[in-house]
Amino acid sequence: MRQFLSLFWLSFLSLVFFSPSAASAADYHEQLVLRPLPQSALLASFNFRSNTTVSEFEKGNFRFFPRSLGQILQHAGTRELHLRFGLGRWDAESWGARPWDGAREGGTGVELWAWLEADTDEEADRKWLTLTNALSGLFCASLNFIDGTRTTRPVMSFQPEGDHATVSNLHLLYGVLPHEVVCTENLTPFLKLLPCKGKVGIATLLDGHKLFDASWQSMAIDIRPVCPADGECVLQIEQTIDMVLDIERSKRPRGNPIPRPPPGHELPCDTSKPYHSHDTCFPADHTANQDWSLSQIFGKPMKGTCPLTDPTVPPVCIHVPDTRSVFVSEGVRENKSASGASRCFEIPPSADFDMVLPRPSESDPAANQTPDSAIVPPETPLLYAERSFTGHGQERGGVQTILRNPSPDAAVEFIYMESLPWFMRIYLHTMEARVVAGAGGSAHARARPDESSSLIQQVFYRPAVDRARGTQLEVRMRVPPAATVFLTYDFEKSILRYTEYPPDANRGFDVAAAVITILDPDHPGPRSDQGSPAAGAGTSSSSSRGSGGGRRFAAYTLRTTTLLCSLPTPDFSMPYNVIIFTSTAIALAFGGVFNILVRRFVAADEGPEAGLAVLVGRLKGRLLRGAGQAVKGKS
Amino acid sequence: MPTVNTPGLSLQRIYSYVNRLPLFTRLVVAAIVLFEAAAILLGNWWDVRAWGALAPDELGFGSLYRTNTYPLIHTDMFHLIVNLVSVTPMLDMFEREHGTLTTLALFIGPLSTLPALLYVGAEKYVLGLHSPVMGASIWAFLLAAIEAVRMHRVHPYFVIAGQSFPVWATPLAALVVTMVLWPKTSALGHLCGLAVGYICGLGLLKYLAPPEKVLRWIEGRLNLLGRLPHYVSVDQKTHGRFGVLPMSNLGATPVLINAATASALQLRRDPRILKLPPYLSLLCIVVGVAWLLLLPLDQYSRRTYISENALLPGQVHTYFSGSDQNVFRAYKHEVNALVGKSNAEINDKLEPIVKGLGLKTARQNFTYHAAGHTYAGENLYAILQAPRGDATEAIVLVAAWENVKHEINRNGVPLALTLLRYFKRWSLWSKDIILVLTPDSIAGPQAWVDAYHDAHDPSRVASLPLKAGLLQGAIAIDYAQESRFDSVHIVYDGVNGQLPNLDLINSVVHIAGGQMGIGVALQEMWRHDNGYSDRLRTMLRGMLKQGLGLPSGPHSSFIPYHVDAVTLQPFGEGWQDEMAMGRVIEGTFRSLNNLLEHLHQSFFFYLIMHRERFVSIGTYLPSAMLVAANFTIMAIALWVKSGQAPEAAASKSKADTTTTPPPTPTVERDLFLPLGVVALIQSLSIVPLYLFNHAPESILTPLFIAFTLINTALPSVLSHLLTQTYAPTAQQYQLVKSFSLLLLGMFLSSLATLNFSLALLTGLLAAPLSFAGPCRSRRTTTCRAAAAVLLHALGPPAVLLAAAAYSRAGVAAVLREAAVGWHVCGTYSPLVVWCVWWPAWLATSVVVLGKGEDGDGDGEGKGNGKGNGKGNGKGNGKVKTT
């Protein structure tokens, strides 16, 4: 019966997918995809998408498209826009491949890139300034700090996702603020852009407390024109929120968030230990599967569905093996996919929705084999990347990026992009890539030189200009199968002017994440394929992205973590010491010099006499009265 | 006698001079010119010359005016010009000096009348002649005489061609010259002027001048100053020779400075100044030590305080307790089961536990070779990624398997594991937390920190496969004690005497002492009554540790990388359990987690004398600097001395000249040999440095004995060789000592800013080198032997031996520690001992020993040959007597 249902569902979906009329008619839809990850983590991907035809948009008829954003786009001549707010780091070792193949995430902080219509670079810069300042106000983020030093024009890394009639007059500008702290004030405007404003539907689950307590979270806004083969072009806005929640942490009640030690008898213990007793407890495995419910994790149940949404798209999906039982609220229809690793739920419009995922029963054979068999094993990413600083001291340093290709048989070709602040002056000649065979990195067998030299295929480098422009470095590289490549380069730290240090200067300076765009081996150029909504899903739910989708030449995108670069920082009480010191020196020197210049020097015998003799003489003079002081200086 | 002091006459100068003439002088000049004009223009109607000349015959009561008018009237144009040129400057000077009113009164009154009456009396009644006189030349001579008398007081004589003439007589010479040049002039009239001038100059006519009070009153009443241009007021009088301000006469300042430098030069030549430096050096040392002893007093030390407000130590509740203790007990069972196992087995067992906490783990191998031993092992570390962090910052928790005393860290390791498990539950961490489990307390942490900063040698230390961001702080747990504890001992000394930020120590003190009620001790002062002696002892222990520069715990390796770190050691018998220790660490981590910036606010250079008292660098540095300065002072003194001839020659030359002080005889310095000797000794110092750092431990003791024996003989051998080969002079010995002391002073004063204690200790131990000089007493051999014994007693080998005896460890152990420090941690104390102190000691020993022998040989052999600069005092004495 179940199989039949899913088969039916699949065929229904494919019907939707291939129906051309649906492309323009389904103007809004939203979907939440839940995916339990190893180590009691849970990935929740929220996706909201609305379309408006280009003609309507140009007339100012915004229906599902947010007016505030639309007017900004019109004013700034923006044809395609991507805005990212990121926090935390994606733990690829445990969690596997990134959601959306990394296409809907940014590095820590805020990232913005857009294609602007302009005839000249100057005009593009002007429009970019308008755009950043307007968005800054709209999203309560310091986007207006994306100035010339933080703006780059990537050459290889980004390609337009939308369908553009002319590409010649489009300018791509990319800006990043790595130190921007993303918080609830950014979430509120984000939710306001939605047609249902977070009042009903899956958006009701988005609570600032939970979202920003997540181990990793990313908010994305993508706007692009999509032109189906037949039919009118539409402007599509896609809002995405992905977050990885720690189930144990999220389950803590809001009133008592402090992780106090549980009472001794509640502590899960490994009773097999010989020393186990009432006061000695070796803790049982941390990664044991936990039971959870939607309302526990998000703090409240989901309130119905948004009435504007496309009813054909199921609002909630979860990726768990079919063998696991999932309990849902009354009136909810469950549809399992054919692959056996995911199921979706159709929810009545005006009923609260809750979902309980119980701990796999002891009798379940699948759950007892390995602790992680109760979840769909995460897909291995195409590449692991880790970037860190080398060296120490305040004069120079180095950057080392370790790129590991886990695939045993396929090489990975990608573009590595860094946009560095100008005060990191990189030495391009020190850039070197060396390959270490074996995924572990422990075997230090260096590859043959010819292979090593073929790692870097193309370098685009735009040097920094002090206080005007940052460094832009794009490297097209190829990592052989099952190999680890160390990409290193050295840099020099420049000394900033006194006023150029930000507050809390001793913290250091954040260096934006490196963007790694893995090229699709099948489609070296831009391809008209679409990404999948959740990590490695590629199954039934991917079809829900229905019409258009984005054109991406990239198979996978990932970003490293940001870095903290400590520059030589003056002691900021120093200027005051200097002022005091200088004043003292000037006072002393000036006093002395002025004294010498102005004082009248008189030899001792020429000046008026002093001492007892004079006093006596004066007395005598008084007594004699009349014999006053005669010619002076003679005695 | 015009004395215009204008070196080069120019029109502009003259114009400006004329423009600045004071009022009375102007009036006189005007009157003279007017009378002359009248004489020329009105010659037909009124004979001015006949009217105003001083004719003795016509002088009566009605014609007394003549005694005043005669200086203003001249016989002809030439007379007028000559007189004007000579009188104007002197009158100008006089008026500036005494004021317009006084000058007016004097020149209208006595200074015209008196010469006139004198002349009339002499001419009419003595000589019986009647020649009338006129002209301002009488004033010229009068003023010249006043001037001459005054000059005479300052410079009584001037010398022309070996003959000295009295200055006062110069106007007489001028009189004679005038007489010869212009026979027409009245010598008697000039003489009369001169006479009055002399009398006036001697001050005998003082009473004729109007009293100053009256002048002031007149001035005040009539406001003469405001009304009359170029008026010289009573108050404006210069009392000086020239001009009013140096601005109008720049000659004054250079003269003065020249005088000052001259007196300084004079002082420099003073022989007493060369006797001063040894006392000055001694004073420096005494003040330096006394300064140090003053520091523990309340007035000189300061109370500690938290400078970085973000730390907020002790402001959070700590929840590490309850069932976590059950977990701790279980981990302790696990750890106890591992005691005695190999490093790899321990790590194999611990890694799954750490992994089970949900952390990422990695291992790192390291191998160090030092003193014939191999220090190898494997570090295990784990990163607790901050739940919401971005991998930019990290704090480190270190638990070494063994502490520095090689006790198993039985409680520390399980406590660290339990804490990490507890920390994992919190979501508030802004920084990653790294747990580092090292097999030992010195090499393991060093290898890990080096590799973390990519400063490691890949052949000995493996790279780290896993990294987090910048390290912001590190806490090491050293909890080997089995029983419950009473207090926490904070170990804070880093390698090479570098210290963590004082804020970190203060935070721990605040959290342990203030929040948890656990006592805090420093520098193994288990009891501390906060009195002077305990403070001093704490400080001195700290300085000794700092001076040795050896690592004192797992934290030491972090400090050179600007990662502030301390080791916490529970001690004593009390009722605090492991959980209390865990809460102290929890509190400290919460404080570090609050940090927005790297710790930078508080002090990095300090001496702690009590948990709540410290002195900062500004207060204590002078003490080491003074000690270092003593060497520099002595070096400079020796340099100066070496440039002067010995005393005998100086006294001889003094006898030659009679009047002027003798110029100090200087001799050329022979630099080549001294520089060569010092360079040789400095380069020799590499030998002990290399030997002691590379010898295996088994031969360290024999090596040390051999070195000590060689070292004992080395000064004698060197000095003998030197005498035989080059026969150095006393000057060269002085220069050898000067250079070696100069180097020592330079090294120590730079070192004082890096490692204060090491510089001070070395400075104090080397202090006798400043004063060890050649023997001057009769019994040279005894004296030399005594000096050599004294020097050896304070030489590096003897001090090492004493240190080994004091620490009850044996010389080999001390040297091994130094070698391990040198190879593993980069301790530079051996460098300072062998390459700074030892060469200075050797050079001084050579100087002390070489002197006597050389003096004899020099005095007998070649004392005569090379003249003044050669030979010491004794040698010279011999030359003199023979």
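Residues numbered from 1 in each chain as written. Chains lettered and ligands numbered in written order. Predicted model: local features only at pLDDT ≥ 70, side-chain atom pairs only at ≥ 80, totals over all residues. Heavy atoms only, no water.

Under an unreviewed UniProt entry, chain B has the name Peptidase S54 rhomboid domain-containing protein and belongs to Thermothielavioides terrestris. Note on chain B: under the UniProt heading Subcellular location (unreviewed entry), the record states "Membrane". (UniProt positions renumbered as here; feature names shortened; annotations may be inferred.)

Chain A goes by GPI transamidase component GPI16 in an unreviewed UniProt entry, where it is assigned to Thermothielavioides terrestris.

1. Overview of the overall build of chain B
Secondary structure summary: chain B contains 34 helices and 13 strands in total. Expressed as a percentage of the 882 residues in chain B, the buried residues total 52%. Taking the intrachain contacts of chain B between residues at least 6 apart in sequence as the baseline, contacts between residues at least 24 apart amount to 79%. Carbon and sulfur atoms make up 64% of the accessible area of chain B, which amounts to about 38,600 Å² in all. (Helix = DSSP H or I, 4+ residues; strand = E, 2+ residues; numbered from the N terminus. Buried < 20%, exposed > 50% of the residue type's maximum accessible area, 1.4 Å probe, protein only. Contact = heavy atoms within 4.5 Å. Areas by Shrake-Rupley, 256 points an atom, 1.4 Å probe, with all protein chains shown as cover.)

2. Comments concerning the environment of A:Asn61
All names here are of chain A. Of note, Asn61 is situated in the loop between α3 (54–59) and α4 (67–75). Using a relative accessible area of 39% as the deciding quantity, one classes Asn61 as partly exposed. The contact partners of Asn61, leaving out residues within four places of it in the chain, are Thr52 and Glu56.

3. Points about the packing of aromatic side chains
Within the structure shown, the criterion is met by 45 aromatic pairs over all chains. Measuring from ring centre to ring centre gives 5.5 Å for A:Tyr501 and A:Phe572, while their planes differ by 75 degrees; the resulting arrangement is edge-to-face. Of the two residues, A:Tyr501 sits in the loop between β23 (483–493) and β24 (509–511) while A:Phe572 sits in the loop between β27 (563–565) and α13 (574–598), which places them 71 residues apart along the sequence. A relative accessible area of 27% means that A:Phe572 is categorised as partly exposed. Centroid distance B:Phe94 to B:Phe107: 5.4 Å. Interplanar angle 85 degrees. Geometry classified as edge-to-face. Separated by 13 residues along the polypeptide, B:Phe94 in helix α5 (residues 77–98) and B:Phe107 in helix α6 (residues 100–108) bring together distant segments of the chain. (Phe/Tyr/Trp six-rings, centres within 6.5 Å; stacked < 30°, edge-to-face > 60°.)

4. Here's the deal with the domain arrangement of chain B
Residue and element names in this part refer to chain B. Here the domain parsing of chain B yields domain 1 (11–236), domain 2 (323–611) and domain 3 (619–644 + 670–849). Centre-to-centre separation of domain 2 and domain 3, based on C-alpha positions: 38 Å. Contact residues are listed per partner, giving 25 residues for domain 2 and 25 residues for domain 3. Between domain 2 and domain 3 the total buried area reaches about 1,900 Å² when both faces are included, carbon and sulfur atoms providing 62% of it. Across the contact surface, domain 2 and domain 3 share 0 salt bridges. (Domains from an automatic or database assignment. Buried area = accessible area lost by both parts, 1.4 Å probe. Salt bridge = Lys/Arg side-chain N within 4 Å of Asp/Glu carboxyl O.)

5. A few points about the UniProt feature "transmembrane region" (unreviewed entry) in chain A
According to UniProt, the positions carrying the feature "transmembrane region" (unreviewed entry) are residues 574–598 of chain A. As annotated, residues 574–598 of chain A comprises 100% helix and 0% strand, and the C-alpha atoms at either end are separated by 35 Å.

6. Details of the state of the cysteines
All names here are of chain A. On inspection of all chains with the given rule, the structure shows 4 disulfides over all chains. Across the disulfide from Cys227 sits Cys233; the S-S distance is 1.8 Å. Around the S-S axis, the bridge from Cys227 to Cys233 shows a dihedral of about 110 degrees and counts as right-handed. Since its relative accessible area comes to 26%, Cys233 is described here as partly exposed. The partner cysteine of Cys317 in its disulfide is Cys344, sulfur to sulfur 2.0 Å. Residues Cys317 and Cys344 share a disulfide whose torsion about the S-S bond is about 100 degrees; that sign makes it right-handed. With Cys317 in strand β11 (residues 316–318) and Cys344 in strand β14 (residues 343–346), this pair connects stretches of sequence that are 27 residues apart. Cys317 sits in the buried class, given a relative accessible area of 1%. (Disulfide = S-S within 2.5 Å.)

7. Brief notes about the interface of chain B and chain A
Taken residue by residue, the interface counts 70 residues in chain B and 67 residues in chain A. Carbon and sulfur atoms supply 55% of the area buried between chain B and chain A, which totals about 5,800 Å² over both sides. Between the two partners, chain B and chain A, sit 4 salt bridges. Among the ionic pairs, A:Asp279 bridges to B:Arg329, the shortest N-O distance being 3.7 Å.

8. Focus: the domain arrangement of chain A
All names here are of chain A. Its domain assignment divides chain A into domain 1 (25–251 + 268–374), domain 2 (384–525 + 547–565) and domain 3 (578–634). With centres defined by C-alpha atoms, the gap from domain 1 to domain 2 works out at 26 Å. Every contact between the two is made by 37 residues of domain 1 and, on the other side, 37 residues of domain 2. Summed over both partners, the interface of domain 1 with domain 2 comes to about 2,900 Å²; 55% of that surface belongs to carbon and sulfur atoms. When the area that domain 1 buries against domain 2 is broken down by residue, the three leading residues are Thr149, Met156 and Ser157, summing to 22%. Where domain 1 touches domain 2, the interface holds 2 salt bridges. With a closest N to O distance of 2.7 Å, Glu111 and Arg559 form a salt bridge.

9. Quick look at the side chain of A:Thr152
Residue and element names in this part refer to chain A. Take Thr152: it is sitting in strand β5 (residues 151–152). Residue classification places Thr152 among the buried residues on the basis of a relative accessible area of 4%. Among residues more than four places away in sequence, those in contact with Thr152 are Leu172, Leu173, Tyr174, Ser419 and Gln472.

10. Some remarks on the environment of B:Pro715
Residue and element names in this part refer to chain B. If you trace the backbone, Pro715 turns up in helix α26 (residues 700–725). Given a relative accessible area of 0%, Pro715 falls into the buried group. Setting aside anything within four residues of it in sequence, one finds Pro715 in contact with His792, Trp841, Leu842, Ser845, Val846 and Leu849.

11. As for the pairing of strand β8 (residues 234–246) of chain A
Residues and elements named next belong to chain A. Taking burial as the measure, the 13 residues of β8 include 13 buried ones, the bulk of the element. Side chains Val234, Gln236, Glu238, Thr240, Asp242, Val244 and Asp246 project from β8 onto one buried face, and the interleaved Leu235, Ile237, Gln239, Ile241, Met243 and Leu245 project onto a second face that is buried too. Two elements, strand β2 (residues 41–53) and β8, share 13 bridges in a ladder whose sense is antiparallel. Residue Ala44 lies in a different strand from β8, and its bridge partner there is Met243. Direction of pairing for strand β7 (residues 216–226) relative to β8: antiparallel, over a ladder of 11 bridges. (Pairing = 2+ DSSP bridges.)

12. With respect to unusual backbone geometry
With a phi close to 55 degrees, A:Lys197 is a non-glycine residue in the positive phi region. Structurally, the position occupied by A:Lys197 is in the loop between α7 (184–192) and α8 (208–211). On the accessibility criterion, A:Lys197 (46% relative accessible area) is partly exposed. You will see that B:Gln523, though not glycine, has its phi angle at about 50 degrees, which is positive.

13. Digging into the sheet that holds strand β9 (residues 292–293) of chain A
With respect to topology, 3 strands assemble into an open sheet ordered β9-β16-β12 (chain A), the strand pairing being antiparallel. Two strands bound the open sheet, and with one partner strand each, they are β9 and β12 (327–328) of chain A.

14. Digging into the nonpolar core
Formed by 75 residues in total, the largest nonpolar core has its most connected members in B:Leu350, B:Leu397, B:Ile505 and B:Leu568. Here B:Ile505 is in contact with B:Ile490, B:Tyr492, B:Pro500, B:Leu522, B:Val566, B:Tyr606 and B:Ile608, once residues within four sequence places are set aside. In this structure, A:Leu87, A:Leu116, A:Leu131 and A:Leu205 belong to the second largest nonpolar core, which totals 73 residues. (Core = buried A, V, L, I, M, F, W, Y, C linked by side-chain atoms within 4.5 Å.)

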